[in-house]
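# Descriptive structure summary
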Amino acid sequence: MAEIHLSHLTKQFPGGLVAVNDFELVIPDGSFVALLGPSGCGKSTTMNMISGLEKPTSGEIYFDKQPITKLPPGARTVGFVFQNYAIFTHMSVAENISFGLRVSKPRPPAAEIDRRVGDIADVLGLRGMLDRNASRLSVNDMQKVALGRSMIVDPAIFLLDEPFSNLDAAFRAYMRAELKRIQHEIEQTMVYVTHDQVEAMSMADHIAVMDAGRLQQYGTPDELYNAPANRFVAGFVGSTQMNFLPATLTLGEQGAGNGRSLTLGIRPENVLLVAPGAAGATLAGKVNLIEPLGAKDVIHLDVAGHGVRVVGVPGQRPRVGDNVGLVFDPDRQLLFDDETDLAVEA
Amino acid sequence: MSTVEPDLVASRASETELTAPRRSVLGLLRPVARWLTILLLALLYGFPLYWTVTMAFKPLDEWNPPGTIFWWPENWTLDNFKSILGQEVSGGGVFSQGKLDSAVPYIQNSLIAATGGSLLALVVGVLAAYGIARFRAGGGMLPFQILQLRMFPPIAIIIPLLFMFVYLQLWDTLWGLVILYGAVTFPFVVWLMRSFFQEVPREISDAAIVDGCTHWGAFFKVVLPQVKGGLAATALFVFILNWSDFLIALVMTQDNARTAPVFLSALQGGAAGQEYGKQAALAVILILPPAIFGLAIQKYLVRGLTFGAIKR
């Protein structure tokens, strides 16, 4: 159990690339936090610094208020699960899981190791395959073994770097739920790196969105979804991307900021399609393309040269080429300053 | 495949018509030609081995009598082996009298020099290869700088080396040979092992380190076992190179450290000329160590030689 505090963390690689830039984050004890961002945003580098595999250029990392930046990885008691499992294929499943105990000093007695391997195998459903050679496992079981190997040393912190992205879709969904269950059971701090916002939203208590080495926003999934701090977060979170349209601020009387150029953001599910020219329709558009997804349709519209996506109900599916009117839910509109990209109060 | 362009189909059809009458002849000739080629190649590679092994069991008068060829030993004998291993041969005639020049010490020298040199090259080379593959030690050019050690024929530097080794009092010593063999095969080890290490995901060693290993611990417990096939293949390759060296040992040794290949080439008597039977017997003995080594590590070898072929 540990709280993680990343304080002004910066990592600059030889060659000048700043992967992580003045990163500030507090991950509460026992919480499940996702680091979310596009590839190359610095999330994996952040993980490597927490684990100790990379040394920060500047800044400090605290576990439970204790600075650990100078500790070697093995002394930090973190569990790390890698995207490609990093299974030791020359060992059996049991040898893989017990690895952390077998290299620890002092090494626990064999009976103790066996007992703990057994406990973990039960939690993960690996009991029947402990003697099997790890290279013969399915990808799905390999990832379970990797998870088990990270659990054996009873780490205060679990770090998972895109652990499920190589799994097939059905097993990925199962493992997400399974991981969440395990996290509730062991109540350990978990940090989860992913570029998949659905994965982050569905699993994490809090999400830290990163882009270009900087923290963009840190909040609950609901906060990120409903009140994104800036245009990047608004565009990155949400499975059908938010629509952005140019807008101009018009105040009733002459005042500061009148005529300021803004961007209006509205999620596809907050736009209603009506007959063209119907009352309340603020914009008109033409249907370009329809993606039927079963439970909903994603309708691509052309609105005065701008692409707009709308979530439609399959029962009321328009046809390609139809002219439609658009009604925006006024409570759900967001405004972003074009100069700073930050959200502004409507 | 039903959407093949029509003109493509047409051209294929006409081609078939043209070649149709010859196909039956070709169809017969092809396997015959293939088996002939295989037979020819097998003879080409197999015959020297056959000739050497049978020669080793031929008595003196069957070696190369004028006007006759003994394709098969008529009077099988172990005298060649006995003589080469330093045992008195009864009735050896003038040719073996007073010539109890046993090959055993030279075989010993060969074993020590080739094993020692290979071990030296492997220890230094494997560590260097890991440093290069995992930590980019020495920058991008280091592998090529190491390889350029092999970019000229050894004969080009053997004379300066000779002077150097005489000065260092390493000439005609086993230590000197071990150092030379290690240095000469070191670039091969680096290049072979580097590619094997590159196949091991970095996360493998990272995982071991997070679990509490040092870099050394991760290397020995996790990374090295993953490349043991490649290591076995590299070890065998390097050992064969060192074991079969002639040029370096010829120049760099005299009596103390002379190796078996050099001794073999010198096996000639004033009266008998080339002592073919003894040479063949020694050659058969010299085939054994690499062959035994190869068989012993065969299990790992197949994996090592096909390592890069498996897409993971």
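Residue numbers run consecutively from 1 along every chain, following the written order of its sequence. Think of it this way: whatever chain is written first is A, whatever ligand is written first is 1, and the rest follow in order. Local features in a predicted model are, by the rule used here, given only for residues with pLDDT of at least 70; side-chain atom pairs are given and counted only at 80 or more, and totals for whole chains, interfaces and linings are based on all residues. Side-chain numbers here rest on the full set of heavy atoms in the structure, without hydrogens or water.

## Examining the overall build of chain A
Here a strand is any run of E in DSSP of at least two residues, a helix any run of H or I of at least four, and the numbering for each starts at the N terminus. The secondary structure content of chain A amounts to 8 helices and 19 strands. Taken along its principal axes, the extent of the C-alpha atoms in chain A is 80 × 45 × 35 Å. Each residue gets one of three labels from its accessible area relative to the maximum for its type: buried under 20%, exposed over 50%, partly exposed in between, using a 1.4 Å probe on protein chains only. Within chain A, buried positions represent 49% of all 346 residues. The contact criterion used throughout is that any non-hydrogen atoms of two residues lie within 4.5 Å. Of the contacts formed within chain A by residues at least 6 apart in sequence, a portion of 64% connects residues at least 24 apart. If you sum the accessible surface of chain A, you get close to 15,800 Å²; carbon and sulfur atoms cover 51% of it. Taking the average location of the 30 positive side-chain charges in chain A and that of its 40 negative ones, the two points are 7 Å from each other. In these tables, accessible area is a Shrake-Rupley quantity obtained with a 1.4 Å probe, and a residue counts as shielded only by the protein chains included in the view. Charged-residue counts in this description rest on Lys and Arg as positive and Asp and Glu as negative, His and the chain ends being excluded. Where a charge lies is defined by one atom per residue type: Lys uses NZ, Arg uses CZ, Asp uses CG and Glu uses CD.

## A few points about helix α3 (residues 110–124) of chain A
Residues and elements named next belong to chain A. For α3, with 15 residues, the first-to-last C-alpha span of 21 Å sits near the 21 Å given by 1.5 Å per residue. Residues of α3 that are buried: Ile113, Val117, Gly118, Ile120, Ala121 and Leu124. Taken together, the buried residues of α3 touch α2 (93–102), α4 (139–151) and α5 (169–186). The first or second residue beyond α3 is Gly125, which carries a positive phi of 75°. Expected span of a helix, by definition, is 1.5 Å for each gap between consecutive residues, and there is one gap fewer than residues.

## A look at the interface of chain B and chain A
Often the size quoted for an interface is simply the accessible area lost on bringing the parts together. Each side of the interface is counted separately: chain B has 16 residues, and chain A has 18 residues. What gets called buried area is simply the loss in accessible area from a 1.4 Å probe that two parts show on being joined, summed for both. Considering only the side of chain B, the residues that lose the most area to chain A are Glu203, Val210 and Asp211 of chain B, jointly responsible for 40% of the buried surface there. Every case where a carboxyl oxygen of Asp or Glu lies within 4 Å of a side-chain nitrogen of Lys or Arg is listed as a salt bridge. A salt bridge links Arg149 of chain A to Asp211 of chain B; its shortest N-O distance comes to 3.8 Å. Contributing elements (two or more residues each) for the side of chain B that touches chain A: α7 (202–210) and α8 (215–226) of chain B. Here the side of chain B that touches chain A takes 7 residues from α7 of chain B, the largest share from any one element. Its residues assigned to classes, the side of chain B that touches chain A shows 9 nonpolar, 2 polar and 5 charged. Think of it as three bins: nonpolar holds Ala, Val, Leu, Ile, Met, Phe, Trp, Tyr, Cys and Pro, charged holds Asp, Glu, Lys and Arg, and polar takes everything else, Gly as well.

## Describing the pairing of strand β6 (residues 78–81) of chain A
All names here are of chain A. By the alternation rule, side chains of β6 split into Val78 and Phe80 and Gly79 and Val81, which are all buried. Note that β6 and strand β7 (residues 157–161) share 4 bridges and pair parallel. Note that in β7 the partner of Gly79 across the bridge is Phe158. Any two strands with at least two DSSP-identified bridges between them are counted as paired.

## Re a nonpolar patch on the surface
Residues and elements named next belong to chain B. Taken together, the side chains of Leu120, Val123, Val124, Leu127, Ile179, Trp216 and Phe220 define a hydrophobic patch exposed on the protein surface, amounting to about 630 Å² of accessible area. Sorting the residues of the nonpolar patch by element identifies α3 (104–135) and α8 as the ones contributing at least two each. Here the nonpolar patch takes 4 residues from α3, the largest share from any one element. Note that patches include only residues with greater than 30% relative accessible area and no salt bridge, and the join distances are 9 Å for like charges and 5 Å for nonpolar side chains (Val, Leu, Ile, Met, Phe, Trp, Tyr).

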